[in-house]
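Chain by chain, the residues:
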Amino acid sequence: MDQGERATRPYGRVHGEPLPGGHHPDDHLCDDQSPDDQPPGGHLCDGHLPGGHLPDDQPPGVDLPGPPRSPPRTLLLAQLCNSVGDGAFYVTSALYFTGVVGLSAGQVGAGLAVAWAVGSTAGVALGTLADRRGPRGTSVLLALVTAAAVAAFLLIGSFPAFLAAATLYASAQSGLAAARQALLAGLVAPEARTAVLARLQAVLNAGLAVGAALGGLALYAGTRGAYLAVLALDAGGFLLCALLLGRLPAPAPLPAVPGRGGSGTAVLRDRPYVVLALLNALLLLRMPVLSLALPLWIAQRTAAPGWTVSALFVLNTTAVTLFQVRAARSVTDLDSAAGAVRGAGAVLFAACAVFAATALPGLGAGTAVTVLVLGSVLLVVAEMRHSAGAWQLGLGLAPADRVGQYQGFYGAGVPVARTLGPLVVTTLLVGGGPAGWLLLGGVFALAAAATGPAVRWAARTRPRPEGPPAVSSAAGRP
């Protein structure tokens, strides 16, 4: 399950190949690197920023109070803190809003659709704020706002209050995702970003699994106090996240590059990047497959027992936790990222075809479970490869002075999947049957195949780096 898997819950939720010089990306997570082990462009684990810069206000040779600063490890810990609370909230929120607050399912669904529609727009504006004011301070602020929005759910008692809190939550979450990506881009060398993002994804899934178990205890208790404790846990997780992000070194805000148009709308004028974002949004329609489409499909169209849904969820979460880093190792530049996305599309088509086969007449329960497991393995492999490729493309093609704005736009595909994905997949799969699965798989394959040409188009529009030509793939680097 990736960060986008939040789409199907009330609040959905963000290298083995050596680097130049023979270094390994995993080495960037160490605290005791020698100078020869540092990535090109500066330190990652000693408080220096890429390019050799010191954090703001830190004189050379002077250590600031607190533990040693390792940006990747701090980012991992911050991710873990908020993902545990999120996991508990995801499994309890629907029952809290309907059973404790007293909202109808229709009110919850409509409120979330409005909230994420607003949030997707706010993400671009808040990403631009991160570019101009600095990603660390913006990330801390938005983590605090998210904590306040979750805490507000403790107090709501009507639909208008729910809508206000949900809109604040969705806006803060969309902006936080963009600001954190910009923060990572400012602290981690480009060659190591995909490896660090893969670790963040693995930690995210581990935290969600732990949180889901805690949420299960709240469901077992079934009391108002248990639900409120989950909300307090989630709010506290974002407070800890803000504290940790605030201890990171602060990349200096970058000045806008003249001649790129309005500061808040430049991404909309970058046509190849817009096309890539749209293709990525189509591929993100895979998100509701596991936790919405498959449960309905299993119940209505197969002979598999009900517990299969839970087993497939555990399989997915465990696989991402264990293998996401390995799946991202070969993604090191634009060409390998485009290849990963293209391959993911083909595997998604195969997964859809396998799921369609479970509706064949005469398929017994045991055989249906086996086929569903095979399809789920293909689905999670595609998820991990698509995630790795999308990370590299989204960051690698964003101008250095507008990473936040570009990530806010690129990440808008997740809110789109949150609002439209469930309707699309349930209409296609539950209503269309096996043919719907094949149609959805075809959409995935075509969107993935179109990604390569779009990447080459985008690469041609980026300024070429000065100096000797770098060794790179055909797709080039921004």
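Please read all numbers here as calculations on a predicted model, not as lab measurements.

Peer 1: Lay out the environment of Leu268 in plain terms, naming residues and giving numbers.
Peer 2: Along the chain, the position of Leu268 falls in the loop between helix 6 (224-246) and helix 7 (271-283). When neighbours within four sequence positions are excluded, Leu268 is seen to be in contact with Val274 and Phe409.

Peer 1: Tell me about the nonpolar core, residues and numbers included.
Peer 2: The biggest cluster of nonpolar side chains holds 86 residues, and the ones touching the most others in it are Leu184, Leu245, Tyr273, Leu294 and Trp437. A per-element tally of this core places helix 10 (residues 334-357) first, with 11 residues. Contact partners of Leu245, with chain neighbours within four places excluded, come to Leu75, Ala78, Arg136, Ser139, Val140, Arg180 and Leu183. Counting residues in each nonpolar core, the second largest holds 25 residues, with Tyr96, Ile156, Ala165 and Tyr169 among its members.

Peer 1: An account of the pattern of salt bridges is requested, with residue identities and associated values reported.
Peer 2: Pairs can form between side chains of opposite charge once their charged atoms are near each other. For the coordinates displayed, the defined rule picks out one salt bridge. Here Arg462 and Asp270 are joined by a salt bridge, their closest N and O atoms 2.6 Å apart. Of this pair, Arg462 sits in the segment after helix 14 (434-461) while Asp270 sits in the loop between helix 6 and helix 7, placing them 192 residues apart in sequence. The exposure class of Arg462 is buried, given its relative accessible area of 10%. Classification of Asp270 as buried rests on a relative accessible area of 11%.

Peer 1: Could you give an account of a nonpolar patch on the surface, with specific residues and numbers?
Peer 2: A grouping of Val210, Leu214, Leu217 and Leu233 is seen on the molecular surface, where their side chains present a nonpolar patch of about 350 Å² in accessible area. Examining the composition of the nonpolar patch, we find that three residues originate from one element, helix 5 (residues 193-221), more than from any other. Inspection of the secondary structure assignment puts Leu217 in helix 5. Residue Leu217 is classed as exposed on the basis of its relative accessible area of 57%.

Peer 1: Explain helix 7 to me, using residue names and the numbers behind them.
Peer 2: Here helix 7 contains 13 residues, and its C-alpha end-to-end distance of 19 Å stays within 8% of the 18 Å for a straight helix at 1.5 Å per residue. Buried within helix 7 are the following residues: Pro272, Tyr273, Val274, Leu276, Ala277, Leu279, Asn280, Ala281 and Leu283. Looking at the packing, one finds that the buried side of helix 7 touches helix 10, helix 11 (365-396), helix 12 (403-410), helix 13 (413-432) and helix 14.

Peer 1: Mind laying out the packing of helix 9 (residues 307-328) against helix 11, listing which residues take part and the relevant values?
Peer 2: One way to put it is that helix 9 packs onto helix 11 with a least axis distance of 9 Å and a crossing angle of 35°. The two elements helix 9 and helix 11 meet at a crossing, and its hand is right-handed. Across the interface between the two elements, Trp307, Thr308, Leu312, Leu315, Asn316, Ala319, Val320, Phe323, Gln324, Ala327 and Ala328 from helix 9 touch Val369, Leu372, Val373, Ser376, Val377, Val380, Glu383, Met384, Arg385, Ser387, Ala388 and Trp391 from helix 11. Here the residues of the contact of helix 9 with helix 11 are counted per class, giving 16 nonpolar, five polar and two charged.

What counts, and at which threshold
- Residues numbered from 1 in each chain as written.
- Predicted model: local features only at pLDDT ≥ 70, side-chain atom pairs only at ≥ 80, totals over all residues.
- Heavy atoms only, no water.
- Helix = DSSP H or I, 4+ residues; strand = E, 2+ residues; numbered from the N terminus.
- Contact = heavy atoms within 4.5 Å.
- Core = buried A, V, L, I, M, F, W, Y, C linked by side-chain atoms within 4.5 Å.
- Buried < 20%, exposed > 50% of the residue type's maximum accessible area, 1.4 Å probe, protein only.
- Salt bridge = Lys/Arg side-chain N within 4 Å of Asp/Glu carboxyl O.
- Patch = residues over 30% accessible without salt bridge, like charges linked within 9 Å, V, L, I, M, F, W, Y side chains within 5 Å.
- Areas by Shrake-Rupley, 256 points an atom, 1.4 Å probe, with all protein chains shown as cover.
- Expected span 1.5 Å × (residues − 1).
- Axes fitted to C-alpha atoms, helices over the stretch in contact; angles between N-to-C directions.
- Left-handed = near helix turned anticlockwise from the far one by under 90°.
- Nonpolar A, V, L, I, M, F, W, Y, C, P; charged D, E, K, R; others polar.

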